[in-house]
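Tertiary structure, described
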Amino acid sequence: MSYTPHEILHRSTAPVTIDESKCIADKGCTVCVDVCPLDLLAIDVSKGKAYMQFDECWYCMPCEQDCPTGAVKVDIPYLLR
Amino acid sequence: MNTHVLEYDVVVVGGGTAGPMAAVKAKERDPSLKVLLLEKANVKRSGAISMGMDGLNNAVIPGHATPEQYTREITIANDGIVDQSAVYAYAKHSFKTIEELDRWGVKFEKDGNGDYAVKKVHHMGSYVLPMPEGHDIKKMLYRQLKRARIAITNRIVATRLLTDAHGNVSGVLGFDCRTADFYVVRAKAVILSCGAAGRLGLPASGYLMGTYENPTNAGDGYAMAYHAGAALANLECFQINPLIKDYNGPACAYVTGPLGGYTANGKGERFIECDYWSGQMMWEFYQELLSGNGPVFLKLDHLAEETIQTIEQILHTNERPSRGRFHTGRRTDYRHQMVEMHISEIGFCSGHSASGVYVNERAETTVGGLYAAGDMAAVPHNYMLGAFTYGWFAGQNAAAFVAGREHAPLDHQQIDAERARVFAPLEREHGLAPAQVEYKLRRMVNDYLQPPKVTRKMEIGLQRFEEIATDIASIKAAHPHELMRAAEVRAIRDCAEMAARASLFRTESRWGLYHHRVDYPLRDDAHWFCHTHLRKDARGLMVSEKRAVEPYIVPLDERDIGSYRNLRIHADEKSQRTHTCALADASA
């Protein structure tokens, strides 16, 4: 008899959020993606906007600090808040 | 996944603090060299000082301190287990490093006469130099890297060092955490500057990445050095720091101390004489935390409004700038509430304690061609300025070492074995999630290794870590990012085993809380006034041995020897001390 392996994904609310009206990823900007020490941010190519892809935030803030348009906000992750 | 073979004279692994300095100084020593700075994140914002630093903790500046005095202070603060030649080499070079950083544009606090405004935080001497505008330090470093034409590769996770037939280091292996391409980087010398092992214990919050250290500093450097055969020194002298509870960043008593802030108990009273982080200080902190007077707080609520504004300005823009947001969320205002503190998870770090890869005063490890600098290199209490200084030493000495040397032939057996090991999680169809294995491993590190240390618990811990090795063999990574986390779990597991074995070897208590063994509660100088070195022997086994402390070059003053052992303020001193503090505050 064999059992089918099955994965369950954990749900989490991203502590880093983007004001999409300000984000200029569609113009080729990748600053927040570049500076994240943990490599957690990515560009959604369908929308041309940045987003947080992985839930491993150190709330260190280069993404927010270095964003040229002030589009990134870092909240303290819920578990520590 | 493709394989890339690169060739450089000197490869620096880790572009945080020590690494950029090492790369620049190697190139300065010999501009004809090809120097690569290899970084897991992006050198613009990587490492412990990604958001800057608010001050130097160990500045040895003429007129304020002498190299001899500093060497004496660190020898005593580290319970005598110090090779003074390494500390003294730092201390003599400290001011030269500051002047270089100053030239590069790093701003230090100066008084009205343009002299460095040094503050006293340590028990004996004055070594703290504030950097209220230290948030730009990474930008200065990046500019120097560009000016020196250092080759940089970002997002490469180094996993193993290549060694040649003589046991000398001959390159670095790793992979790209976005593309999963494999990298073979040939080198005549390698400098490891990969930071602390900061993801060893699990923070009390249970949040994996809520660590004191930048979580990219997962102990990769310790594991790579170990597998290359290098000796690691005094790993049982754990890093445990006093921190803001849950936020897990430093409370920065060093910054607030000179302005009148201090560490207090639940009654708002001082209980330690000196906020400088040492094992003994942590012991007193831990005792107070668990006592009826606990928990422990950073007390600022007695300070004047303008002083508080200055503190907020420094602490909420530097090093861990999200701190202000955390305080707002918890409704903590320095004016009205003390800041609740706690102790950090355990880690290895020589920047703050003394646990690291053994190096001498030339930043050489015990492996030919391998150098180490920064938090991972065992020069006790070396902090950021020590990282810059030993980066400098490592760069210059590595450049001298490679002169006239040829590349060793590539050892395809090592390369193939590592490629198979690294990529296995990506090739599995089903398996454990790296984050779950990491959580369990680090939770067990807390359960079995966190001081006070108990022999039987550490032995059980070793068994559990063996079982985790089996779990690691069935990790599945869904993409290159998870592959990076899988590689890190391996390094963390290696560090956990090293932490347990090193702690079991030293059958005494030393360094306050860092190595308090409940079943060997006393310091035993007759048997243990020595370093311990842990390494992988010829059979591949993890072994520990004693190594004599080098004869002191700066003799200790009998009167000073006990100073770090008597940090606790006793009841009869308290009323007098409160009075002194009030005076200090009035003048602030």
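Residues numbered from 1 in each chain as written. Chains lettered and ligands numbered in written order. Predicted model: local features only at pLDDT ≥ 70, side-chain atom pairs only at ≥ 80, totals over all residues.

1. Focus on the overall build of chain B
What counts, and what does not: For the purposes of this entry, the term helix denotes a DSSP run of H or I that reaches at least four residues, the term strand denotes a run of E that reaches at least two, and both are numbered from the N terminus. A radius of gyration in this sense is built from C-alpha atoms; the matching globule rule multiplies 2.2 Å by the number of residues raised to 0.38. Exposure criterion: with C-beta atoms placed from backbone coordinates, a residue whose C-beta has 20 or more other C-beta atoms within 10 Å is buried, one with 12 or fewer is exposed, and one in between is partly exposed.
Scanning chain B for helices and strands turns up 17 helices and 19 strands. By the compact-globule yardstick of 25 Å for 588 residues, chain B fits well, its C-alpha radius of gyration being 23 Å. The principal-axis extent of the C-alpha atoms belonging to chain B is close to 70 × 55 × 50 Å. Here chain B holds 588 residues, and the buried ones make up 57% of them.

2. Concerning the overall build of chain A
From N to C terminus, chain A includes two helices and four strands. Scanning chain A from its N terminus toward the C terminus, one meets helices and strands in the order β-α-β-β-α-β. Relative to the compact-globule value of 12 Å for 81 residues, chain A shows a C-alpha radius of gyration of 15 Å, a clear excess of over 25%. Taken across its 81 residues, chain A has 38% of its residues classed as buried.

3. Quick look at the pairing of strand β3 (residues 35–38) of chain B
Residue and element names in this part refer to chain B. Worth spelling out the cut-off: A pair of strands counts as paired when DSSP detects no fewer than two bridges linking them.
Alternating positions in β3 separate into two faces, Val35 and Leu37 on one and Leu36 and Leu38 on the other, with burial throughout. Both β3 and strand β6 (residues 151–153) contribute to a ladder of three bridges, which runs parallel. Across the sheet, residue leucine 37 finds its bridge partner in β6, namely isoleucine 152.

4. A word on the domain arrangement of chain B
All names here are of chain B. Inclusion rule: The domain limits used here are those given by an automatic or database domain assignment. By the convention adopted here, residues make contact when the C-beta atoms placed from their backbones lie within 7 Å. Side-chain classes follow a simple rule in which Ala, Val, Leu, Ile, Met, Phe, Trp, Tyr, Cys and Pro form the nonpolar group, Asp, Glu, Lys and Arg form the charged group, and the remainder, Gly included, forms the polar group.
What the domain assignment reports for chain B is domain 1 (51–138), domain 2 (242–343 + 562–587) and domain 3 (424–536). When each unit is reduced to the centre of its C-alpha atoms, the spacing between domain 1 and domain 2 is 22 Å. Every contact between the two is made by 19 residues of domain 1 and, on the other side, 19 residues of domain 2. Residue composition of the side of domain 1 that touches domain 2, by class: nine nonpolar, seven polar and three charged.

5. Regarding the packing of helix α3 (residues 84–104) of chain B against helix α10 (residues 383–402) of chain B
All names here are of chain B. We apply this condition: Angles run from 0 to 180 degrees between N-to-C directions of axes, and those axes are lines fitted to C-alpha atoms, restricted for helices to the stretch in contact. Throughout, the term roughly parallel applies to angles under 35 degrees, roughly antiparallel to angles over 145, roughly perpendicular to angles from 65 to 115, and oblique to all others.
Direction vectors running N to C along α3 and α10 enclose 95°, while the axes themselves pass 9 Å from each other. Looking at the two axes, α3 sits roughly perpendicular to α10. Together, Tyr90, His93, Ser94, Thr97 and Leu101 of α3 and Leu385, Gly386, Phe388, Thr389, Tyr390 and Trp392 of α10 make up the contact between the two elements. Across the contact of α3 with α10, the residue classes tally to six nonpolar, five polar and no charged.

6. Quick look at the sheet that holds strand β19 (residues 542–548) of chain B
All names here are of chain B. The strand order across the open sheet formed by four strands is β16-β11-β18-β19, and the pairing between neighbours is antiparallel. Only two strands of the sheet have a single partner each, and these edge strands are β16 (356–357) and β19. Two elements, strand β18 (residues 530–536) and β19, share seven bridges in a ladder whose sense is antiparallel. Across the sheet, residue arginine 535 finds its bridge partner in β19, namely valine 543. Packing of helix α14 (residues 480–505) onto the sheet brings it into contact with β11 (232–233), β18 and β19, and relative to β19 it is tilted by some 45°.

7. A closer look at helix α7 (residues 279–290) of chain B
All names here are of chain B. For clarity, the cut-off: By definition here, a helix of n residues has an expected span of 1.5 Å times n minus one.
The end-to-end C-alpha distance of α7, which contains 12 residues, comes to 17 Å, matching closely the 16 Å that a straight helix rising 1.5 Å per residue would cover. Every buried residue belonging to α7 is among Gly279, Gln280, Met281, Met282, Trp283, Glu284, Phe285, Tyr286 and Glu288, and all of these are buried. Summarising the contacts, the buried residues of α7 are in contact with β12 (242–244), β13 (262–265), β14 (296–299) and β15 (339–343).

8. Focus: the sheet that holds β12(B)
Hydrogen bonds between backbone atoms are what pair the strands of a sheet, whose relative direction is either parallel or antiparallel. Residues and elements named next belong to chain B. If you walk across this open sheet you meet the four strands as β12-β15-β14-β13, and the pairing is antiparallel. Of all the strands in the sheet, the pair left with one neighbour each is β12 and β13. Strand after strand, the sheet turns through a mean of 45° between neighbouring axes, direction not considered. Bridge count between β12 and β15: three bridges; the pairing is antiparallel. Residue pairing for β15: proline 242 is matched across the bridge by isoleucine 343. Strands β12, β13, β14 and β15 of the sheet are contacted by α7, whose axis makes an angle of about 115° with β15.

9. Observations regarding the environment of B:Arg199
Residues and elements named next belong to chain B. Looking at where arginine 199 falls in the secondary structure, it is placed in the loop between β10 (189–192) and α5 (220–227). Residue arginine 199 is classed as buried on the basis of its 30 C-beta neighbours within 10 Å. For the pair arginine 199 and phenylalanine 285, spaced 86 residues apart in the sequence, the C-alpha separation amounts to 22 Å. In this view, arginine 199 contacts Thr211, Pro215, Ala218, Gly219, Arg442, Glu488 and Ile492; residues no more than four positions away in its chain are not counted.

10. Section: the environment of B:Asn360
Within the secondary structure, B:Asn360 is located in the loop between β16 and β17 (370–372). Sequence spacing of B:Asn360 and B:Lys138 is 222 residues, and the spatial spacing of their C-alpha atoms is 27 Å.

11. A few points about the packing of helix α13 (residues 455–472) of chain B against α14(B)
All names here are of chain B. Going by this rule: Each crossing gets its handedness from the near helix: less than a right angle anticlockwise from the far helix is left-handed, clockwise is right-handed.
Where α13 contacts α14, the axes come no closer than 10 Å and their chain directions differ by 160°. It follows from the interaxial angle that α13 and α14 lie roughly antiparallel. Judged by the sense of rotation from one axis to the other, the crossing of α13 with α14 is left-handed. Contact residues: Thr455, Met458, Gly461, Leu462, Phe465, Ile468, Ala469 and Ile472 in α13; Val489, Arg490, Arg493, Ala496, Glu497, Ala500, Ser503 and Leu504 in α14. Along the lines of polarity and charge, the residues of the contact of α13 with α14 split into 10 nonpolar, three polar and three charged.

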